[in-house]
Amino acid sequence: MSVIIRPVQKKDKEKWFQLWSGKEDSYLEFYKALDKVSDETSEYTWSRFFDDTVPIYSIVAEVEGEVIGFANYLTHKNTWTVEDALYLNDLYVSNKNRLKGVGRLLIEEVYKQADALNCNKCYWATSFDNYRAQLLYTKVGVDASKKIYLRPPR
Ligand SMILES: CC(C)(COP(=O)(O)OP(=O)(O)OC[C@H]1O[C@@H](n2cnc3c(N)ncnc32)[C@H](O)[C@@H]1OP(=O)(O)O)[C@@H](O)C(=O)NCCC(=O)NCCS
């Protein structure tokens, strides 16, 4: 399978949205979050990938002209370093294209982008029970052994 990893382009909108918020085989559906992220928010996120003043980015995986996965990431200031840090916010590969190395390729490209953006820290989070993702993460990263806490709902 020949996979191209590249920055998202405006022409990818329909397929990217399908993978992001489609009713089936999408990232928000995987996280049971279709009702938590409004269409307006998704549109806003999409528009910011193309805004040079906002450090939010998306790369996509393309196979035979079809977008089959994405990684969304952002950079932010860090009190521990002069350089910014890069946070991998979202990673998704469509069902039928999994276990073919695409997730790994997306993460490896994120590492390259971290270098290009001079971010020496590159990190992400996953759920304790997302074992499948962790099978990949233990190969491409190191376990930070941290928990994430959230402010309670108000
Ligand atoms: C997590 C996800 C992005 C991984 O994508 P993928 O394209 O299937 O991942 P890859 O094929 O690159 O890597 C899978 C790795 O896990 C390993 N793996 C998978 N299942 C395995 C198993 N049962 N036993 C051992 N290793 C296994 C593979 O060997 C592979 O390692 P390799 O690159 O050394 O061969 C994809 O499953 C997905 O989109 N899941 C739903 C959304 C999600 O969980 N996103 C992440 C949120 S944090």
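Residues numbered from 1 in each chain as written. Predicted model: local features only at pLDDT ≥ 70, side-chain atom pairs only at ≥ 80, totals over all residues. Heavy atoms only, no water.

Going by an unreviewed UniProt entry, the protein carries the name D-amino-acid N-acetyltransferase Hpa3p and comes from [Candida] jaroonii.

**Brief notes about the pairing of strand β2 (residues 56–63)**
Most of β2 is tucked away: seven of the eight residues are buried. Inspection of the sheet shows strand β1 (residues 3–7) paired to β2 by five bridges, in the antiparallel sense. Opposite R6, over in β2, you have V60 as the bridge partner. Pairing between β2 and strand β3 (residues 66–76): eight bridges, direction antiparallel. Its bridge partner lying in β3, S58 is registered against N72. The antiparallel pairing of β2 with β3 creates a hairpin that spans two residues between the two strands, and E64 there sits at a positive phi of about 45 degrees. (Buried < 20%, exposed > 50% of the residue type's maximum accessible area, 1.4 Å probe, protein only. Helix = DSSP H or I, 4+ residues; strand = E, 2+ residues; numbered from the N terminus. Pairing = 2+ DSSP bridges.)

**Things to note about the packing of aromatic side chains**
Across all of its chains, the model carries 19 aromatic pairs by this definition. Between the aromatic rings of W20 and Y27, the centroid separation amounts to 5.8 Å while the plane-to-plane angle is 20 degrees, which identifies the pairing as stacked. A centroid spacing of 5.1 Å and a plane angle of 90 degrees characterise the contact between F30 and Y31, whose relative ring orientation is edge-to-face. The structure contains a cluster of three or more aromatic residues connected by ring pairs, namely W16, F17, W20, Y27, F30, Y31, W46, F49, F50, F70 and Y92. Above the plane of the ring of Y123 lies K121, whose end atom (NZ or CZ) is 4.5 Å from the centre. (Phe/Tyr/Trp six-rings, centres within 6.5 Å; stacked < 30°, edge-to-face > 60°. Lys NZ or Arg CZ within 6 Å of the ring centre and 35° of its normal.)

**Side note on the site of the ligand**
Around the ligand lies a shell of 21 residues, among which L99, G101, G103, R104 and N130 are the nearest. Residue G103 places a main-chain N or O atom 2.9 Å away from an oxygen atom belonging to the ligand. The side chain of K139 places a nitrogen or oxygen atom 3.0 Å from an oxygen atom of the ligand. Here the ligand loses 77% of its free accessible area of 950 Å² to cover by the protein chains. The element that contributes the greatest number of residues to the shell around the ligand is helix α5 (residues 131–140), accounting for six residues. (Near = heavy atom within 4 Å. Polar contact = N/O pair within 3.5 Å; in protein donor to acceptor, adjacent residues only side chain to side chain. Areas by Shrake-Rupley, 256 points an atom, 1.4 Å probe, with all protein chains shown as cover.)

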